[in-house]
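Listed below, chain by chain, are the residues.
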Amino acid sequence: MPSCFATQVPHLLELAPEELARWFQQQGQPSYRAGQLWHWVFRHRAESFQQMSNLPRQLRQKLQQHFRLWSTRRLAHQQAPDGTEKLLLELADGHAVECVLLRQGERRRTVCISTQVGCAMGCVFCASGLDGVVRNLTRGEILEQVLQLQRLLSPEERLSHVVVMGMGEPLANLKELIPALDLLTSPQGLGLSHRRVTISTVGLPSGIRRLAELDRPYHLAVSLHAPTDALRTQLVPVNRTVGIEAVLEAVDFYFEKTGRRVTFEYVLLGGVNDSPQAARELGRLLRRRRPLVNLIPYNPVEGLPYQEPDAARVRRFVQELKHQGVEVQLRRRKGAQIDAACGQLRRRQATSAKG
Ligand code: SAH
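Residues numbered from 1 in each chain as written. Predicted model: local features only at pLDDT ≥ 70, side-chain atom pairs only at ≥ 80, totals over all residues. Heavy atoms only, no water.

Caption draft 1: Quick look at the overall build of the protein chain. In terms of regular secondary structure, the protein chain is built from 13 helices and 12 strands. Relative to the compact-globule value of 20 Å for 355 residues, the protein chain shows a C-alpha radius of gyration of 21 Å, a close match. C-alpha atoms of the protein chain, sized along the principal axes, occupy 70 × 50 × 40 Å. Restricting the contact set of the protein chain to residue pairs at least 6 apart, pairs at least 24 apart contribute 68%. Just so you have it, the protein chain exposes about 16000 Å², and 48% of that area is on carbon and sulfur atoms. Computed over 48 positive and 34 negative side-chain charges, the inter-centroid distance for the protein chain is 4 Å. (Helix = DSSP H or I, 4+ residues; strand = E, 2+ residues; numbered from the N terminus. Rg over C-alpha atoms; globule rule 2.2 N^0.38 Å. Contact = heavy atoms within 4.5 Å. Areas by Shrake-Rupley, 256 points an atom, 1.4 Å probe, with all protein chains shown as cover. Lys, Arg positive; Asp, Glu negative; His and termini not counted. Charge placed at Lys NZ, Arg CZ, Asp CG, Glu CD.)

The structure is reproduced here in structure tokens:
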């Protein structure tokens, strides 16, 4: 792997489809070569250009001279007994991001990917934003996380879902995220249906509206975490200038434009936002929107004062919401043994590197 870092040639996954098509044209190659190349990368999980046996040998050499297939290096790989695996990837400039593979049942293979190094949103319970944001990831770096995780699958396993719930705020980096997702959902990439891609946002109204206008019916999840502005501003500082009302108006707009119901995420923090009263307020707030609420028991982060909610309170919270006609999913904690809450592994690595 180090050999690919020694060269400064461009990363293949940074290229827009038109750019790649142009490159093939310049090499005097037919246009179907681009399709063949992506097929090797995404479907055959090729490790190198040399493996691409239906491309002429000379062309493979040219590709090798002009592009690198990989731009990241594995710094850490953790595996949990429940099948969850997590990678810490070093980017070409030395920064690191996390991504996770989740296995559910026989078929469901979900990858959870990051969109930024760090995060600027500053949610007080989250490990990703503790040191702020460093930079946006490029489209190639976003795509490469998917490919790196795909390499962990057995040949019989197929990647089925993508969730953009790793480090960073996806709607703050739509410029790079959308081209990456476009390739994953195109027949040339993984051919995933838009419905199998979930973008999770802290709730930036302008970003939600932009995404709605783009007319790509991805599943949108909005991290609400509190039923009132006072509590939400404590937990999600960007709420101070945004406010729940503006988030909900943008969500309604998304629904009108795409016809897709939005999920609300709610991290349950023991003793903070998990009271029966909070559940009733949340129900009242969302009731008329045929809401789907995804409850996430807190995954404790070292050094932060928040705790997992106790089981009885979680049950009561669920009951209260259901009582108000809210559809509720309680997300099972996966990969808790491997620092699976976003940002934790990177932090651990950074802290131990600092000594
Ligand atoms: N910026 C996006 C994506 C972040 S991660 C967003 O805010 O939605 C996806 C979800 O995990 C968010 O709802 C986030 O609040 C939640 N989360 C972050 N840290 C967590 C932790 N330690 N335990 C449980 N959920 C966490």
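Caption draft 2: Region of interest: helix α6 (residues 174–185). Along its 12 residues, α6 runs 16 Å from first to last C-alpha, staying within 8% of the 16 Å computed at 1.5 Å per residue. Counting buried positions along α6 yields nine of 12 residues, so the element is predominantly enclosed. Packing partners of the buried residues in α6 comprise α3 (32–43), α5 (139–150), β7 (161–164), β8 (197–201) and α7 (205–214). (Expected span 1.5 Å × (residues − 1). Buried < 20%, exposed > 50% of the residue type's maximum accessible area, 1.4 Å probe, protein only.)

Caption draft 3: Representation of the site of the ligand within the structure. What surrounds the ligand is a group of 20 residues, the closest being E169, S200, S223, H225 and N299. In this structure, a nitrogen atom belonging to the ligand sits 3.0 Å away from a main-chain N or O atom of G168. In this structure, an oxygen atom belonging to the ligand sits 2.8 Å away from a side-chain N or O atom of H225. In isolation the ligand has 530 Å² of accessible area, and contact with the protein removes 94% of it. Those elements that place two or more of their residues in the shell around the ligand are β8 and β10 (263–268). (Near = heavy atom within 4 Å. Polar contact = N/O pair within 3.5 Å; in protein donor to acceptor, adjacent residues only side chain to side chain.)

Caption draft 4: Focus on the domain arrangement of the protein chain. Once the domains are mapped, the protein chain shows domain 1 (14–66) and domain 2 (73–354). Relative to domain 2, the C-alpha centre of domain 1 lies at a distance of 33 Å. With 13 residues of domain 1 in contact, the opposing surface of domain 2 contributes 20 residues. Summed over both partners, the interface of domain 1 with domain 2 comes to about 1300 Å²; 49% of that surface belongs to carbon and sulfur atoms. Summed over the three residues of domain 1 that lose the most area to domain 2, namely E14, F42 and R45, the buried surface amounts to 55% of that side. In this assembly, domain 1 and domain 2 are joined by one salt bridge. The interface formed by domain 1 and domain 2 contains nine residue pairs in polar contact (both at pLDDT 80 or more). With seven residues, the top contributor of residues to the side of domain 1 that touches domain 2 is α3. A class-by-class count of the residues in the side of domain 1 that touches domain 2 yields seven nonpolar, two polar and four charged. (Domains from an automatic or database assignment. Buried area = accessible area lost by both parts, 1.4 Å probe. Salt bridge = Lys/Arg side-chain N within 4 Å of Asp/Glu carboxyl O. Nonpolar A, V, L, I, M, F, W, Y, C, P; charged D, E, K, R; others polar.)

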